[in-house]
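So you can see what is in the structure, the chains are spelled out below.
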Amino acid sequence: MATSQAEAFYEREAPERFLPTGYTRGPWDADSQHAGPPAALLALAVEERPAARPDMRLTRITYEIMRPVPIRPLTVTTRVLRAGRSVELLEAVLTPDGGQDVMRATALLMKATPDSVPQVSPGRQVPGPGAVPEKAFFPVPWDQGYHTAMDLRFAAGSFLEPGPATAWMRMRVPLVAGEEIAPLSRVLTAADSGNGVSAELDFRRYVFINADLTVSLHRHPEGEWVCLDARTMVDGAGIGLAASTLHDEKGPLGHGTQSLYVVARG
């Protein structure tokens, strides 16, 4: 069985093996996944790893997207790169059946001690998801995919309007069928969309593909909605950067960045 029909992004076939569904399909290639769901899957593997410490919290995760993630069964493997009393560094790798590694994540975890220091969290507040209308994704030539698995509400900008944008996103289906959605999964499923919501160039004329994604969080996310307050910058040499301030309904919680390869469509 190559794929699943479950109402989720993935179905777990074994502890480290997952079957993708059509909801993972990205907007550019019918045979490839949007990078958001596999990014969340790698972080879930980090959280579920054997001997995971309950007092350690993920504070930064960096993904190298080595090639498109195919809609094929995936195996996730993890290993500890550095263990310590206050800081841990782990690696998680995503490998499709019969293929090479497609994504690699390096995760930094820190010991969390609640109420041990004063809380400081300045940042621009954005209108909540209840204050802005729901909007559809840009036109996609297939009926099922990431675009149908996510609720989307723009507080500023839109997919078809170039420039900075502020977009709230919410998963309509779980990451893994039959399993509760982890708060971190909600953030990472959305964070890879920063370059899409804040595109400065017409996606019909230009390709702007991110080769990586880094998400840094200063606090644990809460609730179902995640906001990307995003901006994209592009150099004339074809290199770009998308930067997003990440929010939940409580306020800012971190940042996401994506290095972009930008080229005119052939």
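Structure: see above.
Remember, it's a predicted structure, so these values are computed and weren't measured experimentally. (Residues numbered from 1 in each chain as written. Predicted model: local features only at pLDDT ≥ 70, side-chain atom pairs only at ≥ 80, totals over all residues. Heavy atoms only, no water.)

**A word on the overall build of the protein**
Next, step 1: Across its full length, the protein carries 4 helices and 13 strands.
Next, step 2: A compact globule built from 266 residues should have a C-alpha radius of gyration of about 18 Å, and the protein, at 18 Å, falls within 12% of that.
Next, step 3: The principal-axis extent of the C-alpha atoms belonging to the protein is close to 50 × 50 × 40 Å.
Next, step 4: When burial is assessed residue by residue, the protein has 51% of its 266 residues classed as buried.
Next, step 5: Within the protein, contacts between residues at least 6 apart in sequence are counted, and of these 64% link residues at least 24 apart.
Next, step 6: Carbon and sulfur atoms form 53% of the exposed surface of the protein, whose accessible area is close to 12500 Å².
Next, step 7: Positive and negative side-chain charges in the protein, numbering 26 and 31 respectively, have mean positions lying 4 Å apart. (Helix = DSSP H or I, 4+ residues; strand = E, 2+ residues; numbered from the N terminus. Rg over C-alpha atoms; globule rule 2.2 N^0.38 Å. Buried < 20%, exposed > 50% of the residue type's maximum accessible area, 1.4 Å probe, protein only. Contact = heavy atoms within 4.5 Å. Areas by Shrake-Rupley, 256 points an atom, 1.4 Å probe, with all protein chains shown as cover. Lys, Arg positive; Asp, Glu negative; His and termini not counted. Charge placed at Lys NZ, Arg CZ, Asp CG, Glu CD.)

**Side note on the nonpolar core**
Next, step 1: Membership of the largest hydrophobic core comes to 67 residues, with the highest contact counts inside it found for Phe9, Leu41, Ile61, Tyr63, Leu94, Leu175 and Val215.
Next, step 2: Top contributing element to this core by residue count: helix 1 (residues 36-48), with 8 residues.
Next, step 3: Among residues more than four places away in sequence, those in contact with Tyr63 are Ala39, Ala40, Leu42, Ala43, Met103, Arg104, Ala105, Leu188, Ala211, Asp212 and Leu213.
Next, step 4: Membership of the second largest hydrophobic core comes to 5 residues, among which are Val126, Val132, Trp168 and Trp225. (Core = buried A, V, L, I, M, F, W, Y, C linked by side-chain atoms within 4.5 Å.)

**Looking at the pairing of strand 10 (residues 212-217)**
Next, step 1: Strand 10 sits mainly inside the fold: 5 of its 6 residues count as buried.
Next, step 2: By the bridge criterion, 5 bridges tie strand 3 (residues 56-65) to strand 10 in an arrangement that is antiparallel. In the sheet register, Arg60 faces strand 10, and the bridge partner there is Ser216.
Next, step 3: Bridge count for strand 10 against strand 13 (residues 251-264) is 4 bridges, and the pairing is antiparallel. Bridge pairing links Val215 to Gly256 in strand 13. (Pairing = 2+ DSSP bridges.)

**Considering empty space enclosed by the protein**
If you roll a probe as big as a water molecule over the atoms, it shows you where there is empty space left.
Next, step 1: Evaluation of the coordinates by the stated rule reveals 1 cavity of 30 Å³ or more.
Next, step 2: Estimates place the volume of the largest cavity at around 40 Å³.
Next, step 3: Only strand 11 (226-234) and strand 13 provide two or more residues apiece to the lining of the largest cavity. (1 Å grid on protein atoms, 1.4 Å probe; cavity = no way out; pocket = protein on both sides within 12 Å on 5 of 7 lines; lining within 4 Å. Points joined across faces, edges and corners; volume = space filled by probe spheres on them.)

**Side note on unusual backbone geometry**
Next, step 1: Notably, Ala51 is not glycine yet its phi reads approximately 65 degrees, a positive angle.
Next, step 2: Inspection of the secondary structure assignment puts Ala51 in the loop between helix 1 and strand 3.
Next, step 3: If you check the backbone angles, Asp115 has positive phi at about 60 degrees while not being a glycine.
Next, step 4: Tracing the chain through its elements places Asp115 in the loop between strand 6 (103-111) and helix 2 (146-149).

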